[in-house]
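Architecture at a glance
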Amino acid sequence: MDSEAESSDVVSDAVEKVSGGGGESNGETSAKRPRVDVSSLPTRQYLDQTVVPILLQAVTQLNKERPGDPIEWLANYLLKNKPQFTNGNT
């Protein structure tokens with residue numbers, strides 16, 4: 001149980017860090033980001049700029065809803081919410 005609580009805290013901290021403490025929706029922040037050639041970025045920066053924001057939001061929501069088939073739910077969530085996070089770097 002302690003590791004579950006720690007995981008939740010890590011996700012919460014990461015969501016707070018990515019969201020900048022609130023106020024703006026993810027759609028607004030991704031529109032303000034300058035376009036960067038992601039192929040030249042180090043691994044951590046590449047992931048932080050391309051998938052971490054949507055994954056953190058998805059995992060947070062997944063934890064709240066606790067669906068019977070979490071893998072399918074996560075896949076559907078990512079596909080449904082992809083337009084909010086797409087910034088032209090496909």
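Data block above holds the structure.
Residues numbered from 1 in each chain as written. Predicted model: local features only at pLDDT ≥ 70, side-chain atom pairs only at ≥ 80, totals over all residues. Heavy atoms only, no water.

**Thoughts on a nonpolar patch on the surface**
The line we're drawing: A patch consists of residues whose relative accessible area exceeds 30% and which take part in no salt bridge; residues with like charges are grouped when within 9 Å of each other, and nonpolar side chains (Val, Leu, Ile, Met, Phe, Trp, Tyr) when within 5 Å. What sets the accessible areas is the Shrake-Rupley method with a 1.4 Å probe; for residues, cover comes only from the shown protein chains. Salt bridges are identified by distance alone: a Lys or Arg side-chain nitrogen within 4 Å of an Asp or Glu carboxyl oxygen. A helix here means a DSSP run of H or I that spans at least four residues, while a strand means a run of E at least two residues long, and both kinds are numbered starting from the N terminus.
On the surface, Tyr46, Leu47, Val51 and Leu55 cluster together into a nonpolar patch covering about 290 Å² of accessible area. When you line up the elements, Val51 lands in the loop between helix H3 (43–50) and helix H4 (52–65).

**Some thoughts on the packing of H4 against helix H5 (residues 70–85)**
We apply this condition: Every axis in this analysis is a line fitted to C-alpha atoms, fitted for helices over the stretch in contact. Angles between the N-to-C directions lie between 0 and 180 degrees. Put simply, angles under 35 degrees are roughly parallel, angles over 145 are roughly antiparallel, angles from 65 to 115 are roughly perpendicular, and the rest are oblique. Throughout, a crossing is termed right-handed when the near helix is turned clockwise from the far one, and left-handed when it is turned anticlockwise from it by less than a right angle. Residue contacts are counted whenever heavy atoms from the two residues lie within 4.5 Å of one another. Each residue gets one label: Ala, Val, Leu, Ile, Met, Phe, Trp, Tyr, Cys and Pro are nonpolar, Asp, Glu, Lys and Arg are charged, and the others, such as Gly, are polar.
Remark: H4 packs on H5, axes separated minimally by 10 Å, with the N-to-C direction vectors making an angle of 135°. When the interaxial angle is binned, H4 and H5 end up oblique. Our pair here, H4 against H5, has a crossing hand that is right-handed. Residues Pro53, Ile54, Leu55, Gln57, Ala58, Gln61, Leu62 and Glu65 of H4 touch H5, and the partners they reach there are Pro70, Trp73, Leu74, Tyr77, Leu78, Asn81, Lys82, Gln84 and Phe85. Considered class by class, the residues forming the contact of H4 with H5 number eleven nonpolar, four polar and two charged.

**Structural notes on the packing of aromatic side chains**
As a reminder of what qualifies: Pairing of aromatic side chains here covers Phe, Tyr and the six-membered ring of Trp, requires ring centres within 6.5 Å, and sorts the geometry by plane angle: under 30 degrees stacked, over 60 edge-to-face, intermediate tilted. The buried label applies to any residue whose accessible area, calculated with a 1.4 Å probe on protein chains only, is under 20% of its type's maximum; exposed applies above 50%, and partly exposed to all values in between.
Inspection of every chain in the model, using the stated rule, returns one aromatic pair. For the pair Trp73 and Tyr77, a centre-to-centre distance of 5.2 Å together with 20° between the ring planes defines the contact as stacked. Remark: Tyr77 and Trp73 occur in helix H5; sequence separation between them is four residues, near one turn of the helix. Take Trp73 and Tyr77: they sit in the same class, and that class is buried.

Any link to function would need more than the numbers given here.
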